Amino acid sequence: MTAHRAIAGALDPETDAEVRAWHLAEAALGPDEDVAGALERAAVAAAGRTAYAAAAAGMERAAGLSPDSRAATARRLKATELAMAAGRPAWSLALLDGIREGGPAAAHLRGLVTLLTGDLDAAFEILVREGERAAEQHPLAAAAMLADAVLTRTIAGDCYTALSIARRAFA
């Protein structure tokens with residue numbers, strides 16, 4: 001821990017920000033928003049280079065260091081998206097399992113990740129169930145989930161169900 005803190009202190013915050021953020025994270029004794037923010041910025045930079053696995057790891061660690069539960073959830077959701085971009089659906093599902101109160105965004109991501117694993121029926125069930133659950137308070141999120149549920153049925157060749165769900169999404 002002391003070594004990581006010393007290395008972070010010796011690095012230039014401008015030119016070595018990403019490496020410095022990781023050393024600060026290793027030196028952190030508990031939740032620390034400054035370190036979480038530095039890791040989040042490092043993750044964004046990594047994603048900008050299409051280093052999605054590194055970005056997801058940074059965002060996941062930033063979530064773990066976040067003292068605020070809302071910030072932690074937002075970072076974990078972003079880590080999930082980045083893990084999906086890295087082609088790691090199992091990691092994405094594990095990240096989602098760590099979210100306590102993610103609302104419609106987490107439910108939608110769970111459906112999409114399940115779709116990417118190839119389980120069309122499970123993805124359909126998740127997207128329809130959660131879309132209907134969100135309909136009253138989050139109608140746009142519900143419509144998006146139902147639209148993605150249409151995709152699962154279209155891929156499966158079930159055009160009648162796809163049309164029925166598409167009508168519900170439109171409504």
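What this report covers is the structure whose coordinates are included nearby. In this text, all values refer to a predicted model and were calculated from it rather than measured experimentally. (Residues numbered from 1 in each chain as written. Predicted model: local features only at pLDDT ≥ 70, side-chain atom pairs only at ≥ 80, totals over all residues. Heavy atoms only, no water.)

Structural notes on the packing of aromatic side chains
Stage number 1. Evaluation of the coordinates by the stated rule reveals 0 aromatic pairs.
Stage number 2. In this structure, Arg153 packs its charged tip against the face of Phe124, placed 4.7 Å from the ring centre. (Phe/Tyr/Trp six-rings, centres within 6.5 Å; stacked < 30°, edge-to-face > 60°. Lys NZ or Arg CZ within 6 Å of the ring centre and 35° of its normal.)

Focus on the nonpolar core
Stage number 1. Counting residues in each nonpolar core, the largest one holds 13 residues, and the members touching the most others are Phe124, Val128, Met145, Leu146, Ala149 and Ile165.
Stage number 2. Among the elements of the structure, helix H8 (120-134), helix H9 (139-156) and helix H10 (159-170) are those that each provide at least two residues to this core.
Stage number 3. Among the elements that make up this core, the one with the highest residue count is H9 (5 residues).
Stage number 4. In this structure Met145 touches Pro104, Ala107, His108, Leu127, Glu130, Gly131 and Ala134, once residues within four positions along its chain are discounted. (Core = buried A, V, L, I, M, F, W, Y, C linked by side-chain atoms within 4.5 Å. Buried < 20%, exposed > 50% of the residue type's maximum accessible area, 1.4 Å probe, protein only. Helix = DSSP H or I, 4+ residues; strand = E, 2+ residues; numbered from the N terminus. Contact = heavy atoms within 4.5 Å.)

Let's talk about helix H4 (residues 52-65)
One turn of the α-helix equals 3.6 residues, which is why residues spaced by three or four share an orientation.
Stage number 1. Between the first and last C-alpha of H4 there are 20 Å, a value that for 14 residues agrees with the 20 Å anticipated at 1.5 Å per step.
Stage number 2. Taken together, the buried positions of H4 are occupied by Ala55, Ala56, Gly58, Met59, Ala62, Ala63 and Leu65.
Stage number 3. Where H4 is buried, its residues contact helix H2 (17-27), helix H3 (33-48), helix H5 (69-85) and helix H6 (89-97). (Expected span 1.5 Å × (residues − 1).)

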